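# Geometric and topological summary
So you can see what is in the structure, the chains are spelled out below.
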Amino acid sequence: MRCWLRPLILFWQEVILLLQDNQRFLQLLSQIEGMATRVLAIGMLLVVIVAIIDLGRILTVELFSPPLGQFSLELVKIFGLFLNVLVALEILENITAYLKTHVSSQIVELVIVTSLIAIARKIIILDIGQPETVAKLLGLAIAILALSASYWIVRRLNYRRRP
């Protein structure tokens, strides 16, 4: 048998064994899932760092350009930048919580809170002068009610499960 063919055959035999053994296959999936989560955490950390640097740059330029101590940007846009960083930090918290625990009810709770923060950010930066503002506000209000009810239910169930 040729020297390059033997490792290939051994590899496929190992793959077949892996697919036949549920425990080994699930262990492999768990390892891949863990690696993917770590890569996402590193990527999100980079996003947070870049967002903080960008926010710092914008604040520095705004504070030290004439007229000194006043913002030429709308304050709402600056609040939006701060809230973007907070949402990114919440997403990073979700990823790290997933790494720490695989309790889905706790992760669901964090995701709902992150969604509420994102909607609050949207409401804060909403331009009231636009004609479609009423429809957007109505949609955001419905989303807040649904997420709040979901959060209350999940939180209550999590509280009951705790020892």
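Structure: above.
Owing to the predicted nature of the structure, the values given are computational and were not obtained by experimental measurement. The numbering scheme is per chain: residues are counted from 1 as the chain's sequence reads. Thresholds applied to this predicted model are a pLDDT of at least 70 for local features of residues and 80 or more for the giving and counting of side-chain atom pairs; totals over whole chains, interfaces and linings are not thresholded and use all residues. Calculation of side-chain values draws on the structure's entire complement of heavy atoms; hydrogens and water are dropped beforehand.

## Quick look at the pattern of salt bridges
The salt bridge definition used is simple: a Lys or Arg side-chain nitrogen within 4 Å of an Asp or Glu carboxyl oxygen. Under the criterion given, the structure shown has two salt bridges. A salt bridge links arginine 57 to aspartate 54; the nearest nitrogen and oxygen atoms lie 2.7 Å apart. Of this pair, arginine 57 and aspartate 54 both sit in helix α2 (residues 22-64), three residues apart, which is roughly one turn of that helix. Strands here are runs of E lasting at least two residues and helices are runs of H or I lasting at least four, both read from the DSSP assignment and numbered beginning at the N terminus.

## Focus: the nonpolar core
With six residues, the main nonpolar core is built from Ala41, Met44, Val48, Ala88, Leu92 and Ile95. Those elements giving two or more residues to this core turn out to be α2 and α3 (75-100). Discounting chain neighbours no more than four positions away, the residues touching alanine 88 are Met44 and Val48. Core analysis: the next-biggest nonpolar cluster, separate from the first, contains five residues, Ile112, Ile119, Leu147 and Val154 among them. In plain words, nonpolar cores are sets of buried Ala, Val, Leu, Ile, Met, Phe, Trp, Tyr and Cys residues tied together by side-chain atoms within 4.5 Å. Exposure categories follow from relative accessible area, calculated using a 1.4 Å probe and restricted to protein chains: below 20% of the type maximum is buried, above 50% is exposed, and the middle band is partly exposed. Between two residues, a contact is recorded if the distance between any of their heavy atoms is within 4.5 Å.

## Quick notes on the side chain of arginine 121
Relative to the helices and strands, arginine 121 resides in helix α4 (residues 104-124). All tallies of charge rest on Lys and Arg as positive and Asp and Glu as negative; His and the ends of each chain are not included. Among buried charged residues, arginine 121 stands out as having no salt bridge; its nearest opposite-charge side chain is aspartate 54, 11 Å away. Of the polar contacts made by the side chain of arginine 121, one reaches the side chain of asparagine 84; its length is 2.3 Å. When sequence neighbours within four positions are dropped, the list of residues in contact with arginine 121 reads Gly80, Leu83 and Asn84. Distance and chemistry together define a polar contact, namely a pair of N or O atoms within 3.5 Å, with one atom able to donate a hydrogen and the other to accept it when in protein, and with adjacent residues in sequence counting only for side-chain atoms on both sides.

## Things to note about α3
Helix span, as expected, comes to 1.5 Å for every residue beyond the first. Here α3 is 26 residues long and its end C-alpha atoms lie 37 Å apart, about the 38 Å a rise of 1.5 Å per residue gives. Those residues of α3 lying buried are Ile78, Gly80, Leu83, Val85, Val87, Ala88, Leu92, Asn94, Ile95 and Ala97. Residues of α3 that are buried in the fold lie against α2 and α4.

## Considerations on helix α5 (residues 133-161)
Taking 1.5 Å of rise per residue, 29 residues should cover 42 Å, and α5 covers 41 Å from first to last C-alpha, within 8% of that figure. For α5, the full list of buried residues reads Thr133, Leu140, Leu147, Val154 and Asn158. Among the structural elements, α4 are those in contact with the buried residues of α5.

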